[in-house]
Amino acid sequence: MEALITQALPTARAAALAAVSVHRTHANRMTVADAEEKSRSDYVSQTDLEAEAAIVDVLRARFPDHGIMAEESAAEGEIAETELEGPVWVVDPLDGTANFLHGHPMYAASVALAVDGRPVLGVVASGSTGDVWWAGRGRGAWKNGRPIAVSALAGLDKALVGTGFPFKAESLITPYVGQLGRVLAATGGVRRGGAAALDLCFLAEGTFEAFWELFLNPWDFAAGWVIVEEAGGVMSRVEPGPLGLAPGSVMGANGEASLEALRLLVTGAE
């Protein structure tokens, strides 16, 4: 595994930066009118497709035998465990497509490598800021070549908490609104940026103390999962059970105590 991580990390960075190059070429030229709506408020644009092709070209050239699960070519919500056997690259070519199409700077490329369903490295690259976060299991987490760590702030009363709206699972919107109210009332604030990959990087670097979202696909959080844990944070599902790469809820925090405190708030448990 060590040898694989050593070989694959430069490839992951190169692939993410290839996507960023596409983002920058298209920035402020593509709008919502140029995109196809996959479902309500969920878009795919030419930028997504070209960025995905750029990533896949890099990965195929260096690891032709690895599997690739990329957002625009995957069957959303129908991810079989067999798709995650062995080494599989989990790719979001443009996380935050709606933001990108509206000229909002919160978007990024996310590239992770999973082995038998567990991410072992991840890279998130922002074209709007030039920031690049990366991590490999046992190698720490980094931003722009410098090590990062989660916030040392204890408790949630002063914590800044990241979140995402469950717009891809509309049945979750009503319970989510109740969760949001409880978290707002008990913390130092809640932020929703619209790109989970970046939210998790903010958790890893100490900007957020915690994060939750009720529905994410694996390409949304695979890279961020590694980055958070290597920065000293913890990750799980909202419901009981370990985090895996199946679609579903995702929670993270700067420590177990904050994670469990957030879980109690989100679930409404006493």
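A brief report on the enclosed structure follows. (Residues numbered from 1 in each chain as written. Predicted model: local features only at pLDDT ≥ 70, side-chain atom pairs only at ≥ 80, totals over all residues. Heavy atoms only, no water.)

Moving on, we get to the packing of helix α1 (residues 2-26) against helix α2 (residues 46-62). Two numbers describe how α1 lies on α2: the axes approach to 8 Å, and their chain directions differ by 155 degrees. By the angle between their directions, the pair α1 and α2 is classed as roughly antiparallel. With respect to the hand of their crossing, α1 and α2 are arranged in right-handed fashion. Where α1 approaches α2, its residues P10, T11, A14, A15, A18, A19, V22, H23 and H26 are matched on the opposing element by Q46, T47, E50, A51, A54, I55, V58, L59 and R62. Split into classes, the residues belonging to the contact of α1 with α2 amount to 11 nonpolar, five polar and two charged. (Axes fitted to C-alpha atoms, helices over the stretch in contact; angles between N-to-C directions. Helix = DSSP H or I, 4+ residues; strand = E, 2+ residues; numbered from the N terminus. Parallel < 35°, antiparallel > 145°, perpendicular 65-115°, else oblique. Left-handed = near helix turned anticlockwise from the far one by under 90°. Contact = heavy atoms within 4.5 Å. Nonpolar A, V, L, I, M, F, W, Y, C, P; charged D, E, K, R; others polar.)

For the rest of this paragraph, the subject is the sheet that holds strand β11 (residues 189-192). Where strands meet in a sheet, backbone hydrogen bonds hold them as pairs that are either parallel or antiparallel. Spatially, five strands are ordered β11-β10-β12-β14-β13 in an open sheet, and the strand pairing comes out mixed. Because the sheet does not close on itself, it has two edges, and the strands there are β11 and β13 (234-236). Along the sheet, successive strands turn relative to each other by an average axial angle of 15 degrees, direction set aside. One ladder, built from five bridges, connects strand β12 (residues 210-216) with strand β14 (residues 248-253); its direction is antiparallel. (Pairing = 2+ DSSP bridges.)

Our next topic: the environment of G117. Checked against the element boundaries, G117 lands in the loop between β5 (108-115) and β6 (118-125). Once the C-alpha coordinates of G117 and P64 are considered, the two residues, 53 residues apart in sequence, prove to be 19 Å apart. Those residues within four positions of G117 in sequence are excluded, and the remaining contacts are L84 and L245.

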